[in-house]
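# Working through the structure, step by step
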Amino acid sequence: MKTRVMIFLSALLLSLPTFAQKTIVTGVVRDSLTREGEPAAVLQFFKSSDTEKPVAFTTADEEGRFMQRLDGSGAYELLFSGIGRLPVRRNFVIPGQKDTLDLGEILIRDDVETLSAGVVTAQRTLVKMEVDKMTYDVSGDVDAKTSTVLDMLRKVPMVSVDGQDNITVNGSSSFQVYVDGKPNQMLSQNASTIFKVMPASTVKNIEVITNPGVKYDAEGVGGVLNITTNREATGGSSVADGFYGTVMATGSNRGGGGGLTAALQKGKFAMSLNASGSYNSMNHTETDQVRTQDNGFSNTTHTSTDMRIPVAMVNGSASYEIDSLNLVSATLGYMHYGMVNTNGLTTSILTAPGAVPFSYTGTMTTRNTRNSISVSADYQHLWAGAPGRSLVLSYQYNGAPAVNNSMTLLDAADLPGFDFTDRKSVGRTGSDDHTVQLDFTTPLGSKHSLSTGAKFLHRHNASDQTDYLWNGSAFVENPIGSLQYDFYNRIGAAYAELSGNYGVFSLKAGVRYEYTWQSYKSSKESGAFRVNYGNLVPSASLQWTLSPTQNIGLSYNMRISRPGISYLNPYVDISDPTARSYGNPDLDTERGHNISLVYNFFSPKVMVNATLRHSITGNGIAAYSFYSPDNILNTTYGNIVQSNNTSLNAFLMVTPTSKTRIMFNGGFGYSDLRSAQLDQQNAGWNYNVLLGAQQTLPWDLRLSANVIASGRQIDLQGWSSGMSLGMLGLTKTFLDDRLSLSLSGMVPFAKGAKLNMTSHTRGNGFTTDMTTRIPLASINFQISWSFGKQGNYTTKKARRTIENETQLNSATTAQSVGSVIGL
């Protein structure tokens, strides 16, 4: 008996190495046409003897790369599955005692359904949901043919646009905007104004990072937006050289424009170009405003505004693959934005109850021209013996010169305490920054990866504003109202982030430290003001993958918001003789804490995302108004708000058939705002809803319909009303989809085809009530033509690149389950 036991134990010990064998299986999932990595691709592993129950599953990172540990040797089967994609199976064998096995490229294709001879409809990926990132495929949405970027933002989860076109991300107006992963200060400062005239057809997708990790700059309390433009054309063979492009023209009752997208592939060199321009106008926006002080003094103004907006944008990129391990790439971007406002106004002033009103009329004209120039270069090195290890060195320059001119001509008699002299202002502002950044990422064993990096930014903001007053024969300079100043920001940053994958659980935690050197000097002060401060910014997220089609994520991050030049500029705008507005150079950095719980689910016909979020800000920056003793309304900014915001956002998409898609995007929340400095508080509920449907009709006509509604929005000193509107569109393609014709319209659900917005403000000793009527109704037409030999024209980009506080890059959680659905 003892001998038999010894024999059994010896056999068991000899077999342990076989049972304990662990092999790391790696590979990369790529689109078969574009050869781009498929982020968050879901992969299941089966024993060949049992293809019903997976032994493991994982998801790919943002480059489409995956790494999975398998126990034991033998025959296995890998299965890729995704909505809108054909399933792919790959059989492989793990020989005995093999530590690693590289499966190479897993090429995937769109799922297509042949409807009739010569007609093929493809199910394109439309939405990708991950725990800390959401991507909306604008180019795959039929509404993009005739809509603006602002219209498309109404469909994007976690983003809302109110009736006055104010954009919020995660319920916060403090967010950052990037274009193609590169900073664009002009868009960050004028996002709503530019997006409302920027054609959506020039955009490839919109990315929303709701929980930026420490790889990203700490800037942006609400999150970050990345607008990826159509810089790359794809299709046809994935290996052939060639040239491909699309030209388009748009027209509407507001204006028109055109654009060009082109791409070239020649061996290891690739380049792409995207250019567009538009000219739009919006006339007869009417505003009625009544400001009443507690002492009986009141001001009633009627304004009629005509607006003209020219916009031009050019983006180019190029890359050269030195070899399989080394890549150099460069980008060049330019954007021009202009706006001319002509305001006719009539004002009545009542100095006391029962007094005779004093009235005057006037014309105010403002001309703003803003430009943005960006140049960047990246070098990337990979390691052949260490999949997933990379080093990226980046440089970037951004310039944003602007001209701001205004003129006010008044027809008024004298009124004690007020100056009705004709006036004008000539101003130039500018921002220049240089950034150098180094990023390194490496796997640590089979379960962990480490990302570290360092960055230095040098930014110079300058302003030169000169005021002039009419002396009866000419405009002469007003030294009291003129101002020149320089503001310098130097920011050094370093970060470290550790990611781990523990079966169905994944964890990411990191910390970022940013140190800021600031200096300010102006023509009004003899010396320079300097301040230095540091910010330690932690971030952590935990994900539980319930199954290959659903996950839950819990995340926390701290974000900051440095005041921009428009908030800091102390120049006093006196274009309105009854009001003054100016910035505050003493503003501090806003700091916010955010915690969110995310649930994602997708199936071939249903996709669901739900996000519960709570944010706390102790020193929020907000505009506030007050009356001075001379009855002039003053508006400026301060770190005056303590806010608590709780929200629940939901996104639902159902595809009952291959020809039908139904979408719901909405949310509701509760905000509590308090200010000890102003001794004020305000609280209330808010909501926003979009319900949309898209249907493919006979003759391959694509119909789209959307209904949008939002409720009252609150701020510290008051509220603004909600709105509702409808959109309808129709698209038809010809000649193998090379020619496309689209027609769409938008109308508010209000009388007179104008959107009526009301607002109420209660300040210290006064109230303001305002009604604005916006001519929002529009009809739009677009025609586009695709030409050239189609090939793989994707300009390769480094895995990491510079991400300033006015940019966004497309990072994802490596182990998150991405959810995609499309028509």
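Criteria and thresholds
- Residues numbered from 1 in each chain as written.
- Predicted model: local features only at pLDDT ≥ 70, side-chain atom pairs only at ≥ 80, totals over all residues.
- Heavy atoms only, no water.
- Helix = DSSP H or I, 4+ residues; strand = E, 2+ residues; numbered from the N terminus.
- Buried < 20%, exposed > 50% of the residue type's maximum accessible area, 1.4 Å probe, protein only.
- Contact = heavy atoms within 4.5 Å.
- Areas by Shrake-Rupley, 256 points an atom, 1.4 Å probe, with all protein chains shown as cover.
- Core = buried A, V, L, I, M, F, W, Y, C linked by side-chain atoms within 4.5 Å.
- Pairing = 2+ DSSP bridges.
- Axes fitted to C-alpha atoms, helices over the stretch in contact; angles between N-to-C directions.
- Polar contact = N/O pair within 3.5 Å; in protein donor to acceptor, adjacent residues only side chain to side chain.
- Salt bridge = Lys/Arg side-chain N within 4 Å of Asp/Glu carboxyl O.
- pLDDT = per-residue confidence, 0-100.
- Lys, Arg positive; Asp, Glu negative; His and termini not counted.
- Phe/Tyr/Trp six-rings, centres within 6.5 Å; stacked < 30°, edge-to-face > 60°.
- Lys NZ or Arg CZ within 6 Å of the ring centre and 35° of its normal.

Attention now moves to the overall build of the protein chain. Along the backbone of the protein chain there are five helices and 47 strands. Counting over 823 residues, the protein chain shows a buried share of 53%. Residue pairs at least 24 apart in sequence account for 68% of intrachain contacts in the protein chain once pairs closer than 6 positions are excluded. Carbon and sulfur atoms provide 60% of the accessible area of the protein chain, an area that totals close to 34,200 Å².

Counting 53 residues, the largest nonpolar core has Val-138, Leu-153, Val-159, Ile-167, Phe-195, Ile-206 and Leu-225 as its most contacted members. Broken down by element, the residue count for this core peaks at four residues, all from helix H2 (residues 149-153). With sequence-adjacent residues up to four places away left out, Val-159 is seen in contact with Leu-153, Ile-167, Thr-168, Val-169, Val-208, Leu-225 and Asn-665.

Once that is clear, we can look at the pairing of strand E22 (residues 326-350). Relative to E22, strand E21 (residues 298-323) runs antiparallel, the two being bridged by 23 bridges. Counterpart to Asp-323 in the pairing with E22 is Asn-326. Joining the antiparallel neighbours E21 and E22 is a turn of two residues. Sheet topology places E22 next to strand E23 (residues 358-382); 24 bridges connect them, and they run antiparallel. Paired with His-336 across the two strands is Asn-371, which belongs to E23.

Our next topic: the sheet that holds strand E1 (residues 22-31). If you walk across this open sheet you meet the three strands as E4-E1-E7, and the pairing is mixed. Lying at the two open borders of the sheet, with one neighbouring strand each, are strand E4 (65-71) and strand E7 (100-108). Between one strand axis and the next, the sheet turns through 25° on average, direction left out of account. Of the pairings in the sheet, the one linking E1 to E7 comprises seven bridges and is parallel in character. Considered in E7, the bridge of Val-29 is made with Ile-106.

Another aspect to go through is the side chain of Gln-293. Mapped onto the elements, Gln-293 comes out in strand E20 (residues 269-293). Classification of Gln-293 by relative accessible area gives buried; the value is 8%. Excluding anything up to four places from it in sequence, Gln-293 contacts Tyr-627, Asn-631, Gly-765 and Phe-766.

This brings us to unusual backbone geometry. Of note in the backbone geometry, Asn-631 takes a positive phi value of approximately 65° without being a glycine. One non-glycine residue with positive phi stands out, namely Asp-679, at about 55°. Position of Asp-679 relative to the elements: it lies in the loop between strand E37 (660-675) and strand E38 (680-697). Residue classification places Asp-679 among the exposed residues on the basis of a relative accessible area of 70%.

Inspection of the secondary structure assignment puts Glu-207 in strand E16 (residues 203-209). The class of Glu-207 is buried, set by a relative accessible area of 7%. A polar contact is formed between the side chain of Glu-207 and the side chain of Asn-226, at a distance of 2.8 Å.

Another aspect to go through is the pattern of salt bridges. Within the structure shown, the criterion is met by 13 salt bridges. The residue Glu-286 makes a salt bridge to Arg-773 at a minimum N-O spacing of 3.7 Å. Note that Glu-286 is positioned in strand E20 and Arg-773 in strand E45 (residues 766-774), a separation of 487 residues in sequence. For Arg-773, a relative accessible area of 21% puts it in the partly exposed group. Between Arg-674 and Asp-672 there is a salt bridge whose closest N-O contact spans 2.8 Å. Here Asp-672 falls in the buried class, since its relative accessible area comes to 16%. If you follow the salt bridges from partner to partner, you end up with Glu-286, Asp-288, Lys-754 and Arg-773 in one network.

The next subject is the pairing of strand E44 (residues 755-763). Looking at chain direction, strand E41 (residues 718-720) and E44 are connected through three bridges and run antiparallel. Paired with Ser-720 across the strands is Ser-759, a residue of E44. The pairing of E44 with E45 spans nine bridges and is classified as antiparallel. Its bridge partner lying in E45, Gly-763 is registered against Phe-766. Where E44 folds back onto E45 in an antiparallel hairpin, the turn is made up of two residues, including Gly-765, whose phi is positive at roughly 90°.

Looking at the protein chain, the pLDDT average stands at 82 and 86% of residues meet or exceed 70. Of all the helices and strands in the protein chain, strand E47 (residues 819-821) carries the lowest mean pLDDT, 30, while E45 carries the highest, 94. A low-confidence stretch, residues 1-20 (pLDDT under 50), is modelled with two contacts involving residues beyond four sequence positions or located in other chains. The low-confidence segment residues 113-123, where pLDDT is below 50, has 19 contacts with residues more than four positions distant or belonging to other chains.

What follows deals with the side chain of Lys-215. Here Lys-215 shows up in the loop between E16 and strand E17 (224-229). Among buried charged residues, Lys-215 stands out as having no salt bridge; its nearest opposite-charge side chain is Glu-497, 4.3 Å away.

On to the packing of aromatic side chains. By the definition in use, this model includes 18 aromatic pairs. Judged by centre distance (6.1 Å) and plane angle (25°), the rings of Phe-418 and Phe-420 are stacked. An aromatic cluster is built from Phe-297, Phe-358, Tyr-360, Phe-418 and Phe-420, whose rings are joined through pairwise contacts. Sitting over the face of the ring of Trp-383, Arg-389 holds its NZ or CZ atom 5.9 Å from the ring centroid. Taking the ring centre of Phe-734 as reference, the NZ or CZ of Lys-732 above it sits at 5.5 Å.

Its location among the elements puts Asp-294 in the loop between E20 and E21. Among the residues examined, Asp-294 registers a relative accessible area of 53% and is labelled exposed. If sequence neighbours within four positions are ignored, Asp-294 has contacts with Arg-762, Gly-765 and Phe-766. Polar contacts involving the side chain of Asp-294 include one to the side chain of Arg-762, which spans 3.2 Å.

One can find Ile-373 in strand E23. Separated by 59 residues in sequence, Ile-373 and Asp-432 place their C-alpha atoms 9.4 Å apart. Ignoring anything within four residues of it in the chain, the contact list for Ile-373 reads Gly-333, Tyr-334, Tyr-397, Asn-398 and Gly-399.

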